[in-house]
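# Understanding the architecture of this molecule
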Amino acid sequence: AQSVTQPDIHITVSEGASLELRCNYSYGATPYLFWYVQSPGQGLQLLLKYFSGDTLVQGIKGFEAEFKRSQSSFNLRKPSVHWSDAAEYFCAVGNTGTASKLTFGTGTRLQVTL
Amino acid sequence: GAGVSQSPSNKVTEKGKDVELRCDPISGHTALYWYRQSLGQGLEFLIYFQGNSAPDKSGLPSDRFSAERTGGSVSTLTIQRTQQEDSAVYLCASSDFNEKLFFGSGTQLSVL
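Our subject in this report is the structure included herewith. Worth saying up front: this structure is predicted, and the values here are computed from it rather than measured.

Cut-offs used in this document
Residues numbered from 1 in each chain as written. Chains lettered and ligands numbered in written order. Predicted model: local features only at pLDDT ≥ 70, side-chain atom pairs only at ≥ 80, totals over all residues. Heavy atoms only, no water. Contact = heavy atoms within 4.5 Å. Buried area = accessible area lost by both parts, 1.4 Å probe. Salt bridge = Lys/Arg side-chain N within 4 Å of Asp/Glu carboxyl O. Helix = DSSP H or I, 4+ residues; strand = E, 2+ residues; numbered from the N terminus. Nonpolar A, V, L, I, M, F, W, Y, C, P; charged D, E, K, R; others polar. Pairing = 2+ DSSP bridges. Axes fitted to C-alpha atoms, helices over the stretch in contact; angles between N-to-C directions.

Before going further, it helps to spend a moment on the interface of chain B and chain A. Chain B puts 20 residues into the contact, and the matching count from chain A is 17 residues. Where chain B abuts chain A, roughly 1500 Å² becomes buried across the two surfaces, and 57% of that area is made up of carbon and sulfur atoms. Looking at the side of chain B facing chain A, the largest losses of area belong to Leu43(B), Glu99(B) and Phe103(B), adding up to 34% of the total buried there. For the pair chain B and chain A, the number of links is zero salt bridges. Listed by contribution, the elements that provide at least two residues to the side of chain B that touches chain A are β4 (31–37), β5 (43–50), β8 (88–95) and β9 (101–103) of chain B. For the side of chain B that touches chain A, the residue count by class is eight nonpolar, nine polar and three charged.

The next subject is the sheet that holds strand β3 (residues 19–24) of chain B. Residue and element names in this part refer to chain B. The strand order across the open sheet formed by four strands is β1-β3-β7-β6, and the pairing between neighbours is antiparallel. A single partner strand is all that each edge strand has here, and the edge strands are β1 (5–7) and β6 (65–69). Recorded for the sheet is a direction-independent mean angle of 15° between the axes of neighbouring strands. Pairing between β6 and strand β7 (residues 75–79): five bridges, direction antiparallel. Bridged to Glu 68 within β7 is Thr 76.

Here you go:
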């Protein structure tokens with residue numbers, strides 16, 4: 001069965017600092033991978049997705065993620081964090097061909113200090 | 001509508017009562033999903049509707065949970081004989097063929 005692990009429950013970074021959120025997945029074939037963000041009082045919003053091709057994918061709000069098959073990872077990065085990035089971030093994996101039935105990780109809550 | 005709409009936004013009920021949660025997906029989206037988000041947990045898949053195909057009910061935690069989607073649009077998630085462990089945020093999402101999910105703001109269910 002597919003699964004997603006987000007080892008960091010809570011991360012605090014200073015505004016302007018770089019950010020990396022970790023995501024490891026377990027899936028037998030080539031996965032469909034996603035990062036979603038949930039801001040306070042708002043619904044989940046897709047940041048980026050990986051289906052195939054270039055392993056470094058660019059998303060909205062300056063985020064990027066790199067698919068590393070050898071490490072079963074899909075870490076999310078941002079070079080310079082803004083205070084408005086404070087939110088909960090979820091990594092998810094989907095079945096190839098049925099990418100929308102997603103298995104989500106438990107999330108990482110990002111706090112940004114000024 | 002402009003987005004996925006869920007109602008009610010908050011529901012408080014007594015243990016043993018039945019509840020119905022409603023989801024209006026984005027017009028034209030063929031796929032509709034229900035997820036459950038509990039405190040400290042990730043999002044738990046419940047059920048998935050795709051067009052006229054039989055729904056994927058593999059995530060429903062017990063036979064107290066059921067869902068239907070009428071006319072390929074509005075969906076209702078029903079929880080019978082609610083238990084305290086059913087307390088959670090119930091999220092609905094819809095998608096078109098590009099696999100991007102659009103989520104509603106959820107229904108916060110509290111079972112006393």
